[in-house]
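Coordinate inspection notes
Single-letter residue listing:
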Amino acid sequence: QVQLVESGGGLVQPGGSLRLSCAASGSIFSTYAMNWYRQAPGKQRELVAGITTGSSSNYVDSVKGRFTISRDNAKNTVFLQMDRLKPEDTAVYLCNVKARPVGWGSPQDYWGQGTQVTVSS
């Protein structure tokens, strides 16, 4: 059906930047909301940012002004530009895409495999 492949995680010093990408592939009829979540050890999964098909976006308060979510509808790809990173941003980041596969009547939820982001000096 639909597969999500994430890239762009890694180790960065505090104050640095990273750009995450998540590409959806497969038999896709259309995509809808695209989101980035994160999960740190011992903590609940948290919605970091989301973007609609019309590119309206929302962010958790802790990343407002530092992270920017964007999407390329032609390539079914969502990005997360992370600037001025802090140690508390350390987590596994997962993309979540609502997509309607070809031949399906309604959209389904799909998840990426996760990419590790570590912010440390």
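These numbers come from a predicted model, not from an experiment. (Residues numbered from 1 in each chain as written. Predicted model: local features only at pLDDT ≥ 70, side-chain atom pairs only at ≥ 80, totals over all residues. Heavy atoms only, no water.)

**A few points about the state of the cysteines**
Enumeration according to the criterion identifies one disulfide in this entry. A sulfur-sulfur separation of 2.0 Å characterises the disulfide bridge that pairs Cys-22 with Cys-95. Sign of the S-S torsion, about 45° for the bond between Cys-22 and Cys-95, identifies this disulfide as right-handed. Remark: Cys-95 occurs in strand 9 (residues 91-101) and Cys-22 occurs in strand 3 (residues 18-26); sequence separation between them is 73 residues. Overall, the relative accessible area of 1% leaves Cys-22 in the buried class. Given the relative accessible area of 0%, Cys-95 is considered buried. (Disulfide = S-S within 2.5 Å. Helix = DSSP H or I, 4+ residues; strand = E, 2+ residues; numbered from the N terminus. Buried < 20%, exposed > 50% of the residue type's maximum accessible area, 1.4 Å probe, protein only.)

**Regarding the sheet that holds strand 7 (residues 67-72)**
Reading across the sheet, the four strands line up as 1-3-8-7 and stay open at both edges, with antiparallel pairing between neighbours. In this open sheet, the two strands that pair with only one neighbour each are strand 1 (2-7) and strand 7. Neighbour-to-neighbour, the strand axes of the sheet open up by a mean angle of 15°, direction not taken into account. As paired elements, strand 1 and strand 3 share six bridges and run antiparallel to each other. Residue Ser-7 lies in a different strand from strand 3, and its bridge partner there is Ser-21. (Pairing = 2+ DSSP bridges. Axes fitted to C-alpha atoms, helices over the stretch in contact; angles between N-to-C directions.)

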